[in-house]
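Summary of structural features
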Amino acid sequence: MQCRSLTGFQISSAGIIRLPRFEVAMARSEANSKPVLAAEDVHIVTVYGRIYCLQFDRVAMLLHSYRFYRDAVIQQGSLPIYSERIAVSIVDSVLLVHQVEAKVVIIYDIFAESRAPISAPLPLLLRGSPRAAYLSSQSTGRIGESLETTVLSETEAVIYGDGWTFLVPDLICDVANGLLWKIHLDLEAISASSSEVPYVLEFLQRRKLEANKAKQLCLTIVRTSILERRPVPLVSRAIDVLVTSYSQSIKTGSYYKRMKVENTSVSNTNNSNTTVRDATNPADAFGKYSMHETMSSVENETTNKARYSNTADNLSIETQKMEALNLDPSSGKTDGASFMKAEASVAELHSSSAHSQIVGQGDVPLNTNVSEVQESQSTSAAVSPEDLYSSVFALVEEEMAGDASYLVAIIVEFLRRAYLEKLKVLPNIHVLTVQLLARCERYVELGFFIMNKILEPSKEVALQLLESGRQNFQTRKLGLDMLRQLSLHHDYVLLLVQEGYYLEALRYARKNKVNSVRPSLFLEAAYASNDTQHVAAVLRFFSDFIPGFKSTSDYNNYIHILGEMHSSAVA
Amino acid sequence: MGMPSANATSETLKLCIFDLRRGQNEGQELDKILFFYPADLPFSTQLSVIGLSEGLITFTRIFSPEAACEVIEAEGHSHVFYEAEPDIWMVMVVEKNKDSEAIWRIDGLRSLLKELHSFFLMFTGSIRALLDKEPSGGLIRTHLYYFIMDYLSDFLSGKKLQLPNFRDSLKERGTVHMLTIGREAALEVQSLVKVLELCVGSSQCSSLIMYQDLLVSSTLSPEDTVNIFNYAVLRLSPRALSSGASSWSYLRKGNTAPGASGPMLPNSSSVLEVYYGSQENSVGGHSYNVLRPLKHGHWSRGNDGFLVTDSWEAEAGSLVHTCPTIWLHKTDERMYLCAYQHRSLTIIFLIPVASVLNADQEIPFVKQQIIENVALKIIKVEEKLSRGWGGENAYHVSGYRYLLVDDDRCISRASPPGKVTTLTKESLVALSRLREEVDLEKSRAKWDGLGHEKDLEVCIRAKNNAWVIARLTRGKELYMVLEKANETLLYASDAVEKFSDRYCNGAFSFD
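Basis of the calculations
- Residues numbered from 1 in each chain as written.
- Chains lettered and ligands numbered in written order.
- Predicted model: local features only at pLDDT ≥ 70, side-chain atom pairs only at ≥ 80, totals over all residues.
- Heavy atoms only, no water.
- Helix = DSSP H or I, 4+ residues; strand = E, 2+ residues; numbered from the N terminus.
- Buried < 20%, exposed > 50% of the residue type's maximum accessible area, 1.4 Å probe, protein only.
- Areas by Shrake-Rupley, 256 points an atom, 1.4 Å probe, with all protein chains shown as cover.
- Core = buried A, V, L, I, M, F, W, Y, C linked by side-chain atoms within 4.5 Å.
- Contact = heavy atoms within 4.5 Å.
- Phe/Tyr/Trp six-rings, centres within 6.5 Å; stacked < 30°, edge-to-face > 60°.
- Salt bridge = Lys/Arg side-chain N within 4 Å of Asp/Glu carboxyl O.
- Pairing = 2+ DSSP bridges.
- Axes fitted to C-alpha atoms, helices over the stretch in contact; angles between N-to-C directions.
- Buried area = accessible area lost by both parts, 1.4 Å probe.
- Polar contact = N/O pair within 3.5 Å; in protein donor to acceptor, adjacent residues only side chain to side chain.
- Nonpolar A, V, L, I, M, F, W, Y, C, P; charged D, E, K, R; others polar.
- pLDDT = per-residue confidence, 0-100.

**Quick word on the overall build of chain A**
- Within chain A, the regular secondary structure consists of 19 helices and 16 strands.
- The proportion of buried residues among the 571 residues of chain A is 54%.
- Accessible area of chain A: about 25,100 Å², with a carbon and sulfur share of 52%.

**Some points on the nonpolar core**
- Of all hydrophobic cores here, the largest spans 168 residues; its most connected members are I226, L388, F393 and F522 of chain A together with F349 and L385 of chain B.
- With eleven residues, the single largest contributor to this core is helix 10 (residues 404-420) of chain A.
- Once residues lying within four places of it in the same chain are set aside, the contact partners of F349 of chain B are V200, C205, S206, S207, F306, Y336, L337, C338, V366 and I370 of chain B.
- Membership of the second largest hydrophobic core comes to 73 residues, among which are A39, Y231, Y288 and M335 of chain B.

**Focus on the packing of aromatic side chains**
- With the rule as written, the count across this model stands at 26 aromatic pairs over all chains.
- In textbook terms, an aromatic cluster arises when at least three aromatic residues are bridged by ring pairs, as seen for F119, F120, F123, F147, Y151, F155 and Y231 of chain B.

**With respect to the environment of V91 of chain B**
- Residue placement: V91 of chain B occurs in strand 5 (residues 88-95).
- Sequence separation between V91 of chain B and H79 of chain B is twelve residues, and the spatial gap between their C-alpha atoms is 6.6 Å.

**Considering the pattern of salt bridges**
- Under the criterion given, the structure shown has 53 salt bridges over all chains.
- Here D408 of chain B and K477 of chain A are joined by a salt bridge, their closest N and O atoms 2.5 Å apart. A residue pair is termed interchain when its members come from two chains, as with D408 of chain B in the loop between strand 15 (401-406) and strand 16 (411-414) and K477 of chain A in helix 14 (residues 473-485).
- By relative accessible area, which is 4% here, K477 of chain A ends up buried.
- The closest approach of N and O atoms between R540 of chain A and D544 of chain A, which form a salt bridge, is 3.1 Å. In this pair, R540 of chain A and D544 of chain A are both assigned in helix 18 (residues 532-545), four residues apart and thus about one turn of the helix distant.
- Note on R540 of chain A: relative accessible area 55%, which makes it exposed.
- Of the residues examined, D544 of chain A reaches a relative accessible area of 47% and is grouped as partly exposed.
- Ionic contacts of the salt-bridge type, sharing partners, join the residues E413 and R416 of chain A together with E184, E188, K377 and K384 of chain B into one network.

**Some words on the sheet that holds strand 8 (residues 94-99) of chain A**
Residue and element names in this part refer to chain A.
- Reading across from one edge, 7-8-9 is the order of the three strands in this open sheet, with antiparallel pairing throughout. Both edges of this open sheet fall to strand 7 (86-91) and strand 9 (104-108), since each of them pairs with a single strand only. Direction aside, neighbouring strands of the sheet carry axes that sit 25° apart on average.

**Re the interface of chain A and chain B**
- Taken together, the contact between chain A and chain B spans 37 residues of the former and 40 residues of the latter.
- A buried area of about 3,500 Å², summed over both sides, lies between chain A and chain B, and 53% of it is on carbon and sulfur atoms.
- Put simply, chain A and chain B have nine salt bridges between them.
- Seen at the junction of chain A and chain B, the total is 14 residue pairs in polar contact (both at pLDDT 80 or more).
- If you list the elements that add at least two residues to the side of chain A that touches chain B, you get helix 10, helix 12 (443-451), helix 14 and helix 16 (502-511) of chain A.
- In terms of residues, the side of chain A that touches chain B owes the most to one element, helix 10 of chain A, which gives ten residues.
- Considered class by class, the residues forming the side of chain A that touches chain B number 18 nonpolar, seven polar and twelve charged.

**Some thoughts on the sheet that holds strand 5 of chain B**
Residue and element names in this part refer to chain B.
- Strands sit in the order 2-1-5-4-3 across an open sheet of five strands; the sheet is antiparallel. For this open sheet the edge positions go to strand 2 (33-37) and strand 3 (71-73), each flanked by a neighbour on one side alone. With strand direction ignored, the average angle separating the axes of adjacent strands in the sheet is 10°.
- Note that strand 3 and strand 4 (residues 77-85) share three bridges and pair antiparallel. If you follow V71 over to strand 4, its bridge partner there is V80.
- Contacts from helix 2 (residues 43-63) reach strand 1 (13-19), strand 2, strand 3, strand 4 and strand 5 within the one sheet, and its direction differs from that of strand 1 by about 60°.
- The strands touched by helix 3 (residues 106-124) within the sheet are strand 1, strand 3, strand 4 and strand 5, with strand 4 carrying the most contacts at an inclination of about 30°.

**Side note on the environment of S118 of chain B**
- Within the fold, S118 of chain B resides in helix 3.
- Between the alpha carbons of S118 of chain B and V226 of chain B there is a distance of 9.6 Å; along the sequence they are 108 residues apart.

**Observations regarding the confidence of the model for chain A**
Residue and element names in this part refer to chain A.
- In the predicted model, chain A carries a mean pLDDT of 72, and 72% of its residues have values of at least 70.
- When the elements of chain A are averaged for pLDDT, strand 16 (residues 344-351) gives the smallest value, 29, and helix 13 (residues 459-468) the largest, 92.
- Scored below 50 in pLDDT, residues 129-156 makes 66 contacts in the model with residues more than four places away or belonging to other chains.
- Across residues 261-378, confidence stays below pLDDT 50; counting only partners more than four residues off in sequence or on other chains, it has 228 contacts.

Structure, rendered in structure tokens:
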């Protein structure tokens, strides 16, 4: 009998809701044979808070995906399969399709429409001896050696051995060896295995579990691309990805949340369950559907009986599990504990009541402490313009000394993108651009940059223009003009005097009521010009406009000097 | 030597170029003449003009060796001097007539000589270099003759040369006109510039982007930008290419027909032969391949968007399309000039000749690269600029007729010519005279100012009750005519202040 139609149930506080029935697609090998859907061919996964049913079509060698909505179940496309036996894991919303026979994993990031794998198929790596109380198997690019040397020799663990049972979302139970493995993504290795920088960055930007690491990786990737002088359009697209992602995280507020979390000190007190909604996952109507997996009764010597309920906020779960699992292996190996086969009973949907519960046998609930939960949840890999400046532009600047124009091109692309996303860019990037342009003596371009406000006016930029303009009079002038436009009256007057334009400075000072510049500066400048008329005029100016000036030492000095100048002129 | 058309103009304008280092012996005086317009004047007349000029130069050099004679104002004529290269002088003689249009501003005329010479430098190199190359002078004479005649043809109005007079007081030759763009467009443009640079692949590549007849961006020095920009406005811009269409730019007279060089060059060979005849008979005028970059109608837009010309082919003597080359003023470097045009957007990029080993292969390759990688971006930028473009009168400020000059960057902006024509002759003459005074002040300040720029402010109430105003501050100049304005000086001053605050970032706000 062929069974093709499935019905989902959502278990909510209001009761059990029956979801629309749907039929799975199955190809026929021959006209009369009807393929049978086996229980192990159906998987329920949660990706970015969305719930999918994955169904393996053995004849067509395709993995069909169906997304659950409240009122419908819609087929979303298919992934090719290269093995008779497959398994499915989800780590940090990344879909891992284990091609068991080929012993490789194909990694998909089902976020947008694209159904292309993130990288080439990667093998699993067993990292960490089971004795070391840390279980993780890794998908990575560079596996072979470490596999042989460390793992195989010590244990008899065989990758994709017959004893492996895959537990959704990210556990593997090795019945033969009495081990429980947790799958962990090696972001570094994944990003190294793909040359498509923008895609890798997009992928990394979506990582929540190790957001900080992902962020650092992003910065490193961009930095390396610049140092390697990759083509500007490519680097520009890479920066586009980061800027867009940052801008989105600003809009949804998750970025600020992270800032907050980072600021709070990490406390280690255990706390009751707290679930912080992940703000970057737009809480669509279906986000609250979650999957309940009874990975029932994983028992070992300590007989931890853990019951996971996976909420839509899969992140919180991840860390909690981590805690739970860290307990397991510590005792697990020594006695060759028997793992009960966990049966992933499938597809009961229940509304997550925003509670994730882990029931431990002892009276210590396996909770992660709050700060950890928060950190893992609200951390986003978003890279702010300041990060880009301090970790990319400022760092590469020295090494790019010979080719400033390339770096300027990239900064322009960055500014363009930031402008489109309406992001505020701190003056330091503008200052850096001024330095770069001045260093390769591209003063004309610098002029255009300032004139067209590509570099936004600010005091920092103005001062840098004055500094960089030591060799270039026009650039100095740009700096001065900028000070004036910013109404930084004091600095403007001071610099005008220093440039020798003391009469103009006086005029400007009077108009804008600048009285913070010492009169002696003007008098010195006038004296330096060796023009008695000007000295007299400046003296007169201060006598007229500053009450009590006539009693100051400046006045007396310069009256005296003026007299001397006169007499020497006459002589 | 019957040249009726030249005769008609010979009354009003004489233009000559001579070399003080040549023909210093009696009987060889003709040797020093490198160019004379009108060419059909008898040698005795030519020599008397040059003799007078030379005498004055020699005399004034006694007092001012650095800057000799600048101008002679005779009763009926003005002689404008310009030392283009050491000992090579250009002198222009114009007739003065207060009743007609013949009211000149000397600096305005001199800027024409300057422009002419910098064009020549850009395309051909220095006059001295050509003289050294061929001391007999045949080569330079031929070059100058065609070059200047082509240049002057732009000033031909009907059958008369119409030089810039008082009516052009609100224009500044030798500057560029900028398109004002917003930050977003500027970022797009800059991004295009960078992509272009990287696409061409040479770090010394320069580019210049124009929208219609306005400059959008340039990576060249101000002098070179001015030269290439003005050449592009004259010959490369969409308006210049679709010749016959009227132009609102000061550089082009709307009534200039492309074939206008015809009457200017009646029988050039006979003109040139006179000089050769007086020198050596062996040098034939026809043996030179003369570069005529200013000749009308020799640029056109190819199907691939690149502009092509046959002006440079004569130089190489080959049939393939050679890429034009120019000399940069600042670095004295020879560059290939390529121009790409998409609708109103003209993109000119220069590639150092030294960096190209095989121009026949590399230049087309670069062009191909640009079509493949940049064309899309160009279309985007063009659309963006077109959307923001305010039309010919975009920079009109109602109530004001103005000219704004930034000397540092060689940029100017002025009221659109259509609006300037509404001014009365009195106002314009007054402005012309005011500018003359300012020019004098400026040149005085240049000699004793030690780089200190002059601040200056003049407001004049003209006879027709118009305000004529000049303000100079730190390398920026503002000239203004306010007709039908209130009679108080305060009003005029306020008007300038308002203008300065709104359109010049307060650069001219004094008090």
